Amino acid sequence: MLDEYPHAAEIEPAFSIEGITIPDGSIQFNKDEVVALLIDVISVAEKKDQEENEVQEENEDEVRWQTLEQSLGRLNFDDYFDDVDILFSHEDDDSAEWRRAYRLEDISSNFHLVTIKIKELFSEWIDTVDISKIDGKDSLYKLFDPERDSFLNFNYTFVLEEIYGAINVEHIHGSQGEKVIIGHGEPSRDFENYYTGSEWALAELHDNLRKDTQKAIKQAHSFFSNLASIKKVYSHGFSFSEVDLPYIEEICKKIKTENITWYLNDFNDEEEREMYKEKIKKCGFKGEFEIFSV
């Protein structure tokens, strides 16, 4: 996001982002301020996840990319609410708690409107990805038949179609030029005992940031229904995150997995591959596993 909105790095994130109501009734925000806030709350959530899971990676950007969707389900605005309390801590009259609740209600509603913008910003970023200078890999050209094989694509671009000539490609999360799907897979969070006044807006935000995998599967019904003749499955660049496992479950429902070989990329080390195997088995797979290189 900083590549598109570099001035965001110069802005101190704050709870007081002001929006402007435009003629169509929607609220427009300064995108640099939005990006500054989003980077802050997502980074805090990612850092907490990494500390809890003792994640250590040399490539910090890679960790952030892999955990972005998970972090969207664990956003925490505590520091911002604490700032509000400090700012108005001098209020101690009888109606102070009442004003505090209304103030937090307004701020949390603002957080909802601002944070949900990540979907729009993510789509904008996807549209900037240029694949015109990408060279295809000979090993992939030899690996699949672009006219007969089926492809479940998660990376939003048209590399498979434009570089490799693939025909039957399902962009399960959307593609460049349209609103894409991004979100977490966390269950509902309990905000009942959270900051008084903020509960509804934060619960609504959490729900709105959840990835609707069942809707995506329903929209891709024809793709999944035509997988019955599949004999081999290849996973390339797929991390088997919990939020995306419903797609693996759907594949396993549509094919006789006892007769299938699932090929995992040797880019991942043995420990990762074993973890992936267990996840695939839990999704209903009963076939064999092999390794392939590209």
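Located above this text is the structure these notes cover.
Rules used in this analysis
Residues numbered from 1 in each chain as written. Predicted model: local features only at pLDDT ≥ 70, side-chain atom pairs only at ≥ 80, totals over all residues. Heavy atoms only, no water. Helix = DSSP H or I, 4+ residues; strand = E, 2+ residues; numbered from the N terminus. Buried < 20%, exposed > 50% of the residue type's maximum accessible area, 1.4 Å probe, protein only. Areas by Shrake-Rupley, 256 points an atom, 1.4 Å probe, with all protein chains shown as cover. Arc of directions from axis to C-beta. Salt bridge = Lys/Arg side-chain N within 4 Å of Asp/Glu carboxyl O. Pairing = 2+ DSSP bridges. Axes fitted to C-alpha atoms, helices over the stretch in contact; angles between N-to-C directions. Polar contact = N/O pair within 3.5 Å; in protein donor to acceptor, adjacent residues only side chain to side chain. Contact = heavy atoms within 4.5 Å. Expected span 1.5 Å × (residues − 1). Core = buried A, V, L, I, M, F, W, Y, C linked by side-chain atoms within 4.5 Å. Left-handed = near helix turned anticlockwise from the far one by under 90°. Nonpolar A, V, L, I, M, F, W, Y, C, P; charged D, E, K, R; others polar.

Draft legend 1. Focus on the overall build of the protein. The secondary structure content of the protein amounts to twelve helices and seven strands. Among the 294 residues that make up the protein, the fraction classed as buried is 40%. By element, 46% of the accessible surface of the protein is carried by carbon and sulfur atoms, the whole surface being about 17700 Å².

Draft legend 2. Just helix 3 (residues 78–87), in detail. Those residues of helix 3 lying buried are Tyr-80, Phe-81 and Val-84. The buried residues of helix 3 occupy an angular sector of 100 degrees when the element is viewed end-on, so they sit on one face. Of the exposed residues in helix 3, the ones pointing more than 90 degrees away from its buried face are Asp-79 and Ile-86.

Draft legend 3. Examining the pattern of salt bridges more closely. Taken as a whole and assessed by the stated rule, the structure comprises twelve salt bridges. With a shortest N-O distance of 2.8 Å, Lys-211 and Asp-244 are connected by a salt bridge. In this pair, Lys-211 sits in the loop between helix 8 (199–208) and helix 9 (213–219) while Asp-244 sits in the loop between strand 5 (232–235) and helix 11 (245–254), placing the two residues 33 residues apart along the sequence. Residue classification places Lys-211 among the buried residues on the basis of a relative accessible area of 5%. With a relative accessible area of 6%, Asp-244 lands in the buried category. Lys-281 is the salt-bridge partner of Glu-278, the closest N and O atoms lying 3.8 Å from each other. On the criterion of helical spacing, the pair formed by Glu-278 and Lys-281 is a turn pair, its members being three residues apart in helix 12 (residues 270–282). The class for Lys-281 is partly exposed, based on a relative accessible area of 43%. Look at the salt bridges and you will find they share partners, linking Lys-31, Lys-117, Glu-120 and Glu-124 into a network.

Draft legend 4. Summary view of the sheet that holds strand 5. Spatially, 5-6-7 is the arrangement adopted by the three strands of the open sheet, whose pairing is parallel. Looking at the sheet topology across the chains shown, the edges are occupied by strand 5 and strand 7 (288–292). Here the average twist between neighbouring strands, direction ignored, is 25 degrees. In this structure, strand 5 lies alongside strand 6 (residues 261–265), joined through four bridges in parallel fashion. Paired with Tyr-234 across the two strands is Tyr-263, which belongs to strand 6.

Draft legend 5. Layout of the side chain of Asn-265. One can find Asn-265 in strand 6. Residue Asn-265 is classed as buried on the basis of its relative accessible area, which comes to 5%. Side-chain polar atoms of Asn-265 contact the side chain of His-236, separated by 2.7 Å. Excluding anything up to four places from it in sequence, Asn-265 contacts Ser-235, His-236, Arg-273, Ile-291, Phe-292 and Val-294.

Draft legend 6. Here's a closer look at helix 12. Taking 1.5 Å as the rise per residue, helix 12 with 13 residues should run 18 Å; its terminal C-alpha atoms sit 19 Å apart, in good agreement. When we look at burial in helix 12, the residues that qualify are Arg-273, Tyr-276, Lys-277, Lys-279 and Ile-280. For helix 12, the arc enclosing every buried residue in end-on projection is 165 degrees, short of the 170-degree limit, so these residues lie on one face. Among the exposed residues of helix 12, those pointing more than 90 degrees away from its buried face are Glu-271 and Lys-282. Gly-284 sits one or two residues past helix 12 and shows a positive phi near 110 degrees.

Draft legend 7. Layout of the side chain of Asn-268. Following the sequence through the fold, Asn-268 ends up in the loop between strand 6 and helix 12. Judged by its relative accessible area of 15%, Asn-268 is buried. Here Asn-268 is in contact with Arg-273 and Tyr-276, once residues within four sequence places are set aside.

Draft legend 8. Representation of the nonpolar core. In this structure, Ile-42, Phe-77, Phe-81 and Phe-111 are the most contacted members of the largest nonpolar core, which totals 36 residues. At the level of elements, helix 1 (31–53), helix 2 (60–72), helix 3, helix 4 (96–115), helix 5 (118–128) and helix 8 are the ones that each hand at least two residues to this core. No other element matches the eight residues that helix 1 contributes to this core. Contact partners of Phe-111, with chain neighbours within four places excluded, come to Phe-15, Leu-37, Phe-77, Tyr-80, Phe-81 and Leu-205. Residues Ala-220, Leu-245, Trp-262 and Tyr-276 belong to the second largest nonpolar core, which totals 24 residues.

Draft legend 9. Quick look at the packing of helix 3 against helix 4. Interhelical geometry of helix 3 versus helix 4 gives an angle of 145 degrees and a closest axis separation of 11 Å. The chirality of how helix 3 crosses helix 4 is right-handed. In this structure, helix 3 uses Tyr-80, Phe-81, Val-84 and Asp-85 to contact helix 4, whose residues at the interface are Arg-100, Arg-103, Leu-104, Ile-107, Ser-108 and Phe-111. Considered class by class, the residues forming the contact of helix 3 with helix 4 number six nonpolar, one polar and three charged.

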